[in-house]
Amino acid sequence: MIWKAIKRYLPLIGIVLFVYLIIRLDITKIFQELKNVIWIYIAISVIFIIIFYILQTLKWFIIAKKQKINLSFKEAFKINFISNFYGFVTPGKLGTIIRADYLKKKGAETGKGISNFVIDKMLDICSLFILTIGFGFLLYQKVISEASLYIILGMFVLIIILFLVFYKKKYSRVLLKFVYEKLIPNRMKEKSRNLFNSFYEDIPPLSYLLFYFIVNLITWVVNYAIVYLIGLSLGINVNFFYFLMILPISTLVAQIPITIDGFGTREVTLIGLFGILGISAIKVFSMSMLSIIIVNIIPSLIAIIFILSERKNDLHKI
């Protein structure tokens, strides 16, 4: 009973924080900031958004081709918009796993679709940690404490170890043996075994992941360049390196599934960290709002069109 209540109300924490910030900061002042944007920076950011979505699609599309999943880049681009929409409306962006369902429609087994998502997600998180740690050790005296960075480094090492262990089928088999034998009902064992085998079928060798990892890093840098341009449009004249330090931290915090798409938790983190650099809370909050509109909400409207089109096609096939 308690667990059900936690699951139901936990995602509301961030929303409550978000509403509190709007009330505390005065929404009229936020609108005033948004009215005074320098539109040339917004126009340039739109170009970067197109590049961002191409790169974001490319990084898992390459993995899909290595997995022998038969789809075109155009189809992958459309699926990426759709999965981002579901990620936008779910805690911790977990809705992006819908990609596995769309890959199944393209002939990929469920396990392959899930492994594609897991590999992409893990490389995403590892990229965030690398950016945080890399720029953090250069700038920690102004932005974050050295102790905090070592904690982040420890978390990163733990994630890498777990990823490497579970990436190998033989190690996973040993570790998951108890779960399979004791916790999975007999009627589900064959299905679970098939899912496990298809998860590891045609999985890219570890040696190939370096290239995917580099593409992930570039994708995040482009994403943060968009926010940087939006910041410039609002008069936030801070060196881009500070953005590369602060934004990965806020992105990691936004992954905690206590809100929808990081609402509230992301803004509190950004306000706190940019505040150290002397940037007002109103400007930071306005930058976050404008970023959400440009990077998430507008692409989500495009995704809805794709979703309705897909459903229409599915109805015609019946």
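Everything numeric in this text was worked out from a predicted model, so none of it was measured. Position numbers for residues count from 1 along each chain, tracking the sequence in the order it is written. Totals for whole chains, interfaces and linings use all residues, but because this is a predicted model, local features are given only for residues with pLDDT of at least 70 and pairs of side-chain atoms are given and counted only at 80 or more. Each side-chain value is worked out from all heavy atoms of the structure, with water and hydrogens disregarded.

Asker: When you look at the packing of aromatic side chains in this model, what are you seeing that I'm missing?
Answerer: For any pair of aromatic rings, the description rests on two quantities: the centre-to-centre distance and the angle between the ring planes. When two rings of Phe, Tyr or Trp (its six-membered ring) have centres within 6.5 Å they constitute a pair, described as stacked for plane angles under 30 degrees, edge-to-face for angles over 60, and tilted for the intermediate range. For the coordinates displayed, the defined rule picks out 16 aromatic pairs. Plain terms: the ring middles of F85 and Y86 are 5.3 Å apart, the flat faces sit at 70° to each other, and that makes the pair edge-to-face. Residue exposure (1.4 Å probe, protein chains only): buried if accessible area is under 20% of the type maximum, exposed if over 50%, otherwise partly exposed. For F85, a relative accessible area of 16% puts it in the buried group. Geometrically, the ring pair formed by Y228 and F243 is edge-to-face, given 5.2 Å between the ring centres and 80° between the ring planes. In this pair, Y228 is assigned in helix α11 (residues 209-233) and F243 in helix α12 (residues 240-254), connecting sequence segments 15 residues apart. On the basis of relative accessibility, which here comes to 22%, the residue Y228 falls in the partly exposed class. Ring-pair connections join several aromatic residues into one group, and the members of that group are F52, Y53, F61, F73, F77, F81 and F306. Over a ring means this: the NZ of a Lys or the CZ of an Arg is within 6 Å of the ring centre and within 35 degrees of the ring normal. Between the NZ or CZ atom of K105 and the centre of the ring of Y102, over which it lies, the distance is 4.6 Å. In this text, helices come from DSSP runs of H or I with a minimum length of four residues, and strands from runs of E with a minimum of two, each type numbered from the N-terminal end.

Asker: Got a minute to help me understand the packing of helix α5 (residues 73-88) against helix α6 (residues 98-105) in this structure?
Answerer: In a pair of packed helices, the angle between the axes and the distance between the axes together describe the arrangement. Between N-to-C directions, angles cover 0 to 180 degrees, with each direction set by a line fitted to C-alpha atoms, over the stretch in contact for helices. Interaxial distance between α5 and α6 falls to 9 Å at its minimum, and their mutual angle equals 150°. In terms of axis orientation, α5 runs roughly antiparallel to α6. Handedness of the α5/α6 crossing: right-handed. Side by side, α5 and α6 meet where I79, I82, S83 and Y86 of the first sit next to I98, R99, Y102 and L103 of the second. Gly is placed with the polar residues, together with every amino acid not listed as nonpolar (Ala, Val, Leu, Ile, Met, Phe, Trp, Tyr, Cys and Pro) or charged (Asp, Glu, Lys and Arg). Partitioned by chemical class, the residues of the contact of α5 with α6 number six nonpolar, one polar and one charged. Should an angle fall under 35 degrees it is called roughly parallel, over 145 degrees roughly antiparallel, and 65 to 115 degrees roughly perpendicular, with every other angle called oblique. By definition, turning the near helix anticlockwise from the far helix through less than a right angle yields a left-handed crossing, and turning it clockwise yields a right-handed one. We call two residues contacting when some pair of their heavy atoms lies within 4.5 Å.

Asker: What should I look at first to understand a nonpolar patch on the surface in this one?
Answerer: Candidate patch residues must exceed 30% relative accessible area and have no salt bridge, after which like charges are joined if within 9 Å and Val, Leu, Ile, Met, Phe, Trp or Tyr side chains if within 5 Å. Under the convention used here, a 1.4 Å probe and the Shrake-Rupley method define accessible areas, while residue burial counts only the protein chains that appear. In what follows, salt bridge is the name for a side-chain nitrogen of Lys or Arg lying within 4 Å of a carboxyl oxygen of Asp or Glu. On the surface, a nonpolar cluster with roughly 730 Å² of combined accessible area is contributed by L158, L162, F166, L175, L176, F178, V179 and L183. Elements that contribute at least two residues to the nonpolar patch include exactly α8 (146-167) and α9 (169-183). The leading source of residues in the nonpolar patch is α9, at five residues. F166 sits in the partly exposed class, given a relative accessible area of 33%.

Keep in mind these numbers describe shape, not what the thing actually does.
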